[in-house]
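A look at the structure
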Amino acid sequence: MPSIPIGIHVVQKCPPPCCNRTLGYRVFILVLTFLCYMSYHLSRRPISVVKSVLHRNCSKLIPPPHVANNKTWCEWPPFDGENYHQLYGGLDYAYLFSYAISMFFCGQIAERMNLRHFLGFGMLLSGVFTAAFGMGYFFHFHSYGFYVGVQVLGGMFQATGWPSVVTGVANWFGKGKRGFIMGVWNSHTSVGNILGSIIPAIWVNDEWGWSFVVPGIIIFTLGVVVLLFFIPYPEDVGCIPPDHHKPVSTYNINDSTAAYSHASTSAENGGYTVAVNTDDYDYDPNTTEEDRLINNEIAPPLSPNPDLHQAISFRRALTIPGVIEFALVLFFAKLVSYTFLFWLPEYINESSKSHFDAQKAADLSALFDVGGIIGGILAGVISDLTGARASTCLVMLALAAPMMFLYEQFGNTSMTSFVALLMATGLLVNGPYALITTAVSADLGTHKSLQGNSKALATVTAIIDGTGSMGAALGPLVTGFISDSLGWNWVFRMLILADLLALVCLIRLVVKEFMHCCGRKVLAVSGPRYGPTEDHSE
């Protein structure tokens, strides 16, 4: 019997009247995981906001009476030298490289320990190291090694978030509307980025230490909530998992009853697989699982099937069709997205004709994530309607490349063009990134080749997002060197090239989707001639 969180024990003693129990839990999990990953992004954004004040033009500011009026009085050592862009890039790389490497291990660990504890303690420690960076301001730390070390440890514990929340949501929601549900849910990334721009900007010009401490307190507090209330699996509280009525591939040919085993181990059935004899009743798709249980249309528990809840190996996850391609696509897509995430306020501050201050630049950079919210939802809806996730990503990537060029060329001509082009760029850049990290990862983590194994989600998610995070680490690092030596126009050329390489990685999957679509249309017109058709979906 799984351990039920203390907070859920309290809630169960006072259940709300006239409430669909499973639906209530689903909504709660969706909201809780939304807030959790929102806080992850909120706490990783302050560094991009604070960059503008660690090194700035002191001649335009009035020094306090006790400060000598020199050209570097307002800067924060060790970022007061001419190589400050490279130092910024080093901080970004330390964080993101640590995040990427840790992600591969976190997927394996998450599937082998209590997911609530893994997520909760990961959030607590993420909050501690986020706040630690800001404490450097209050204790006057000027060692570059200190800030790099905090970034490395912060990135390590930030990697606990994504495999945990995606697994939790996918365990509670079926595949039918997964693209739309996860598209809406994935707006937590952009909402977190927006709040991570606005909240730190409140203190950035005066006491930038609070720009880290406050987000650290927020994610720490939500970590406590997770430890009290998070429920990773429906079975933990006696709810039936989604898609439970669908037979999966554990068919026993020697069984005279020709029963199909379901990949479910609910609290009520004591950890045994449930068998359904399809000859015993007429299947009605409108009948709920609970109704069939009440009417004894589902047989009692048969035999244990521990393989359905065993964590899979890293190597086994790589053999799932589509995992490698989507991981490579995310490498380039996340390179582009995270370069905007970590450098956009600095770019706005340096390139705008109006010379916005740090707070204004941070606020304006949030428009990129407003577009990202729309893009994530749009990508999810389109992919649900068409069933073509790879093709949806390809089209958006194809449009993102010219849109980035237009933003770089014409974004500063007027405020109207700036807002419109930046939001459109965010929509097209974040749309494929959001779809791959959510619905695509969840689909691949529950792929039919896994034969109903429910313990693959975190590993598959970690492989895809970990590979993407390697690109996310590379983009901001290279940007620091390119912007110093060649200028911002070459940064955008790099981003456009990365976008096109992501597109190329999708070609095989798009061709396969197109062939499968054509095959279904031919079958619909002519009907099957040689027996059942093979399912080519991935």
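See above for the structure.
Residues numbered from 1 in each chain as written. Predicted model: local features only at pLDDT ≥ 70, side-chain atom pairs only at ≥ 80, totals over all residues. Heavy atoms only, no water.

Turning to the overall build of the protein, a few remarks are in order. Scanning the protein from N- to C-terminus turns up 19 helices and three strands. When contacts within the protein are restricted to residue pairs at least 6 apart in sequence, those whose partners lie at least 24 apart make up 80%. Of the accessible surface of the protein, which amounts to about 23,100 Å², a share of 66% is contributed by carbon and sulfur atoms. (Helix = DSSP H or I, 4+ residues; strand = E, 2+ residues; numbered from the N terminus. Contact = heavy atoms within 4.5 Å. Areas by Shrake-Rupley, 256 points an atom, 1.4 Å probe, with all protein chains shown as cover.)

For the rest of this paragraph, the subject is empty space enclosed by the protein. Scanning the entire structure with this criterion turns up seven cavities of 30 Å³ or more. Counted as a void, the largest cavity has a volume near 140 Å³. Lining the largest cavity are 14 residues, and of these Ser43, Arg44, Tyr95, Thr130 and Gln151 lie nearest its centre. Contributing elements (two or more residues each) for the lining of the largest cavity: helix 2 (21-44), helix 5 (115-138) and helix 6 (144-158). When the residues that make up the lining of the largest cavity are grouped by side-chain class, the tally is six nonpolar, seven polar and one charged. (1 Å grid on protein atoms, 1.4 Å probe; cavity = no way out; pocket = protein on both sides within 12 Å on 5 of 7 lines; lining within 4 Å. Points joined across faces, edges and corners; volume = space filled by probe spheres on them. Nonpolar A, V, L, I, M, F, W, Y, C, P; charged D, E, K, R; others polar.)

So, on to the environment of Tyr93. With respect to the helices and strands, Tyr93 occurs in helix 4 (residues 84-110). Taking C-alpha positions, Tyr93 is 9.9 Å from Gly155, a pair spaced 62 residues apart along the chain. Among residues more than four places away in sequence, those in contact with Tyr93 are Ser98, Ala473 and Leu477.

Between its terminal C-alpha atoms helix 4 stretches 37 Å, which fits the 39 Å expected from 27 residues at 1.5 Å a residue. The largest bend in helix 4 comes to about 35 degrees, at Met103. Of all 27 residues making up helix 4, 19 are buried, and the element is well covered by its neighbours. (Expected span 1.5 Å × (residues − 1). Bend = angle between axes of the 7 residues up to and from the residue. Buried < 20%, exposed > 50% of the residue type's maximum accessible area, 1.4 Å probe, protein only.)

Burial of nonpolar side chains together is a common tendency in soluble globular proteins. Ranked by internal contacts, the top residues of the largest apolar core, which has 124 residues, are Trp208, Tyr407 and Leu506. Here the element with the most residues in this core is helix 13 (residues 323-351); it accounts for 16 residues. In contact with Trp208, other than residues within four places in its own chain, are Val50, Val53, Leu54, Trp76, Phe133, Gly134, Tyr137, Tyr147 and Trp203. (Core = buried A, V, L, I, M, F, W, Y, C linked by side-chain atoms within 4.5 Å.)

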